[in-house]
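Chain residues, written in single-letter form:
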Amino acid sequence: MKKLTYPFTHEQVRDLKVGDMVLITGKLFTGRDAVHKRLHDGVKPPVDLTNQIIYHCGPVVLKDKKTGIHQVMAAGPTTSIREEPYQADVMKEFGIVGVIGKGGMGPKTLAGCKEYGCVYFHAIGGAAQVLAEKIDSVDAVYWEDLGSPEAIWELSVTEFPVVVTMDAHGNSLHSKIEASSAEELKKALKE
Amino acid sequence: MAKKKVAKKVAKKPTKKVAAKKPALKAKTSKKTTKKVVKAKKVENTYKSLEASLVELIKNTSSVLPDDVQKVILEALHREEKNTTAEYAMNIIKANIELAKKKSQPLCQDTGTVLFFVSHPIGFDQHKFTKEIQKAVVKATELGYLRQNSVDSLTGENSGMNIGAGHPSIHYHQHNKKTVEVKLMLKGGGCENVGAQYSLPYTPLEAGRDIDGVRKVILDAVHKAQGKGCGPGVLGVCIGGDRGAGYVESKEQLLRRIDDINDVASLAELEKEIVNTSNKLGIGPMGFGGKTTLLGCKISALNRLPASFFVSISYMCWAFRRQGIELGDKNQIKKWLY
């Protein structure tokens, strides 16, 4: 088990390899479909994303009416492949060091990871309660006009569990498993 | 928060009653009480407690996995090699199941398509029942058991209450029993997106119009899904039917218990074969690689036209949320079905 602790650097993530189980402690910024599209359309991010990690997640957040404090009730990853057209450009433009999501991403993102020193972390899909428990606080919210699930939530997390499935050296667990399972499928279909 | 607690208490009431009554109930008495259901329809507050029963059903479905699903998940965990990412994923899944149950919170933030399957006796008022289901869905959304998950396909607007054209999805069946049974499935978007429908013959796989052709396309769908449907998953499959009926039937197959055995011997064999072969593909939990790719497979067949041969496949994620209730004479929860 490896640990990745805030503040993150490109050097730190370049040390990570496909298959590493990592516990992340520090800051995460949620961003999914609408955020990526808006950034890609040229709108400046409301917060400096240099050396930060973006989490593909549309959390369920409740706001305490008295105190105004936000609490994340459920926060599992959403399918990442929808951000494939934008992700590499977001890496390039804003200098992020990592992306967390589920299901993996394609060749454009993998090339971006290598070029800009970034990794793709796979969180466990469906594990909304375990992952919400790792969130200590909601520190800020930006672009709330996109709606709660689509807004950028700045979160502090402790030992948030992920697996590196695409590293900064051009390796992707997803393409590897897809190829090896295709071989097995071929055999099975001949039986 | 205080409001939430009160509502929870109200919703729990019917179950408590059931628990108290349960030991005394025999087959004979249950028949008697269900006769009353039909007669009791005119009683004013009947449907008030029906709403509470339905909210309780939604809460339990969203936060607690049925026993048959939990059992195969634990088996899958033990099968994986120690200190692998596959075992790591299964351990987090196990912890998530326990935590969601303890907190009565949604297992997954995507509470999915809300699919009701209602079996009822003759003379049952579907319109009235639909209204009660809608009320219960609104309540469950307010209480956070369901996410705001219903979007107008033309305007992109979220109704905020999970009510709209086709939402929730309700399927009614008349049966020969005197009782009303309500089954509920919450099916998330990730797994729904990897479902597939093949038309045989399917040339790329040389899949013909026979059971071997069916086998080929099902395995192809498992491969194409990789880990994207939040595997290890369960397949519901329908051979035949038209395109619409095929997909509906494939979902209804997911209402079967994972440990049941198909009445049709050839399908029972195919179900087993699909699970065994899929688990040799090495896709594993979350697509990380590993021993368990599928937890189960349920297949049925509908008649088809001479010109058509569809195979419709619904993929259900590991967070297989399904539950059901039998309603009692006061529309209280008389029995949990899974």
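Here is what the cut-offs are and how they apply
- Residues numbered from 1 in each chain as written.
- Chains lettered and ligands numbered in written order.
- Predicted model: local features only at pLDDT ≥ 70, side-chain atom pairs only at ≥ 80, totals over all residues.
- Helix = DSSP H or I, 4+ residues; strand = E, 2+ residues; numbered from the N terminus.
- Buried ≥ 20, exposed ≤ 12 C-beta atoms within 10 Å, placed from the backbone.
- Contact = placed C-beta atoms within 7 Å.
- Nonpolar A, V, L, I, M, F, W, Y, C, P; charged D, E, K, R; others polar.
- Pairing = 2+ DSSP bridges.
- Axes fitted to C-alpha atoms, helices over the stretch in contact; angles between N-to-C directions.
- Core = buried A, V, L, I, M, F, W, Y, C linked by C-beta atoms within 7 Å.
- Parallel < 35°, antiparallel > 145°, perpendicular 65-115°, else oblique.
- Left-handed = near helix turned anticlockwise from the far one by under 90°.
- Expected span 1.5 Å × (residues − 1).
- pLDDT = per-residue confidence, 0-100.

Engineer: Looking at this structure, I do not really get the overall build of chain B. What am I missing?
Structural biologist: Of the regular secondary structure elements, chain B holds ten helices and nine strands. For chain B, buried positions account for 47% of its 338 residues.

Engineer: Can you help me understand the overall build of chain A in this one?
Structural biologist: Assigned secondary structure in chain A consists of six helices and nine strands. Sequence separation of 24 or more characterises 64% of the internal contacts of chain A that already satisfy a separation of 6 or more.

Engineer: What is the right way to read unusual backbone geometry from this model?
Structural biologist: Excluding glycine, a negative phi dihedral is what most residues carry, and trans is how most peptide bonds are arranged. Across the junction of Tyr6(A) and Pro7(A), the peptide omega takes the value 0 degrees, indicating a cis bond. Tracing the backbone shows Pro7(A) in the loop between strand S1 (2–5) and helix H1 (10–14). A cis amide bond links His167(B) with the next residue in sequence, Pro168(B), at an omega value of -10 degrees. Mapped onto the elements, Pro168(B) comes out in the loop between helix H6 (126–142) and strand S2 (169–174). For Gln226(B), which is not glycine, the phi dihedral falls at a positive 45 degrees. Relative to the helices and strands, Gln226(B) resides in the loop between helix H8 (211–225) and strand S5 (233–239).

Engineer: Explanation requested: the interface of chain A and chain B in the structure shown.
Structural biologist: Quite often, the size of an interface is put as the accessible area lost when its parts meet. Each side of the interface is counted separately: chain A has 34 residues, and chain B has 38 residues. Going through the elements one at a time, strand S5 (70–74), helix H5 (128–133), strand S9 (152–166) and helix H6 (173–190) of chain A are the ones with two or more residues in the side of chain A that touches chain B. When the residues that make up the side of chain A that touches chain B are grouped by side-chain class, the tally is 18 nonpolar, 13 polar and three charged.

Engineer: Can you help me understand the sheet that holds S5(B) in this one?
Structural biologist: Hydrogen bonds between backbone groups are what pair the strands of a sheet, and the pairing can be parallel or antiparallel. Residues and elements named next belong to chain B. Strand order across the open sheet formed by four strands is S4-S7-S5-S6, with mixed pairing between neighbours. Lying at the two open borders of the sheet, with one neighbouring strand each, are strand S4 (196–199) and strand S6 (294–301). For this sheet, the mean angle separating the axes of adjacent strands, direction not counted, is 15 degrees. Where S4 and strand S7 (residues 310–316) come together, four bridges link them in antiparallel fashion. Opposite Ser199, over in S7, you have Phe310 as the bridge partner.

Engineer: Would you mind showing me how to read the nonpolar core here?
Structural biologist: Considering soluble globular proteins, one finds that nonpolar side chains tend to be buried as a cluster. Counting residues in hydrophobic clusters, the biggest one holds 135 residues, and the most contacted among them are Ile218(B) and Val311(B). With nine residues, the top contributor of residues to this core is S9(A). In this structure Ile218(B) touches Leu235(B), Val237(B), Ile274(B), Val311(B) and Ile313(B), once residues within four positions along its chain are discounted.

Engineer: Would you mind going over the packing of helix H2 (residues 33–40) of chain A against helix H3 (residues 84–94) of chain A with me for this structure?
Structural biologist: The description of two helices packed together rests on the angle between their axes and the distance between the axes. All names here are of chain A. Closest axis-to-axis distance for the H2/H3 pair is 9 Å, and the angle between their directions is 60 degrees. In this view, H2 runs oblique relative to H3, as classed from their interaxial angle. Relative to H3, H2 is oriented so that their crossing is left-handed. Contact residues: H2 offers His36, Lys37, Leu39 and His40, while H3 offers Tyr86, Asp89 and Val90. Of the residues in the contact of H2 with H3, the class split is three nonpolar, two polar and two charged.

Engineer: Looking at this model, I keep getting lost on H3(A). Mind explaining?
Structural biologist: For H3(A), the complete set of buried residues consists of Tyr86(A), Gln87(A), Ala88(A), Val90(A) and Met91(A). If you follow the buried residues of H3(A), they end up packed against H2, strand S6 (98–101) and helix H4 (107–116) of chain A.

Engineer: Help me understand H8(B) in this model?
Structural biologist: One turn of an α-helix holds 3.6 residues; hence residues three or four places apart share an orientation. Over its 15 residues, H8(B) runs 21 Å from end to end, which matches the ideal 21 Å to within 8%, given 1.5 Å per residue. For H8(B), the tally of buried residues reaches eleven of 15 residues, placing the bulk of the element in the interior. Among the residues of H8(B), those classed as buried are Gly213(B), Val214(B), Arg215(B), Lys216(B), Val217(B), Ile218(B), Leu219(B), Asp220(B), Ala221(B), Val222(B) and Ala225(B). Summarising the contacts, the buried residues of H8(B) are in contact with H6 of chain A together with S4, S5, helix H10 (265–280), S6 and S7 of chain B. At the C-terminal side of H8(B), Gln226(B) shows a positive phi close to 45 degrees.

Engineer: Just to check I follow, could you spell out the packing of H8(B) against H10(B) for this structure?
Structural biologist: Residues and elements named next belong to chain B. Interhelical geometry of H8 versus H10 gives an angle of 35 degrees and a closest axis separation of 11 Å. Here H8 and H10 pass one another in a crossing that is right-handed. Together, Ile211, Arg215, Ile218, Leu219 and Val222 of H8 and Ser266, Leu270, Glu273, Ile274, Thr277 and Ser278 of H10 make up the contact between the two elements.

Engineer: Could you clarify how one ought to interpret the environment of Lys176(A) in this entry?
Structural biologist: All names here are of chain A. Looking at the element boundaries, Lys176 is found in helix H6. For Lys176, a count of 14 C-beta atoms within 10 Å gives the class partly exposed. Residues Lys176 and Cys118, 58 residues apart in the sequence, show an inter-C-alpha distance of 19 Å.

Engineer: Where do I start with the sheet that holds S2(B) in this structure?
Structural biologist: Residues and elements named next belong to chain B. Taken in spatial order, the five strands make up an open sheet running S2-S1-S3-S8-S9, and their pairing is mixed. Sheet topology places S2 and strand S9 (333–336) at the edges, where each strand pairs with a single neighbour. If you compare each strand with its neighbour and ignore which way they point, the axes differ by 20 degrees on average. Pairing geometry for strand S1 (residues 113–120) and S2, over six bridges, is parallel.

Engineer: Would you mind showing me how to read the confidence of the model for chain B here?
Structural biologist: Interpretation of the predicted coordinates at a detailed level should be avoided for regions scoring low in pLDDT. Residues and elements named next belong to chain B. Overall, the predicted model of chain B reaches an average pLDDT of 89, with 86% of residues at or above 70. The low-confidence segment residues 1–45 (pLDDT under 50) makes 38 contacts with residues lying over four places distant or belonging to another chain. Model confidence for the complex is summarised by a pTM of 0.88, with the ipTM given as 0.94.

Engineer: For this particular structure, what's the right way to read the pairing of strand S3 (residues 181–187) of chain B?
Structural biologist: Looking down a regular strand, the side chains alternate between one sheet face and the other. All names here are of chain B. The element S3 is extensively covered by neighbouring structure, given that six of its seven residues are classed as buried. The sheet contact formed by S1 and S3 spans seven bridges and is antiparallel. Counted as the bridge partner of Phe117 is Lys183 from S3. Across six bridges, the pairing between S3 and strand S8 (residues 321–327) is antiparallel. From the neighbouring strand, Val182 faces S8, where its bridge partner is Ile325.

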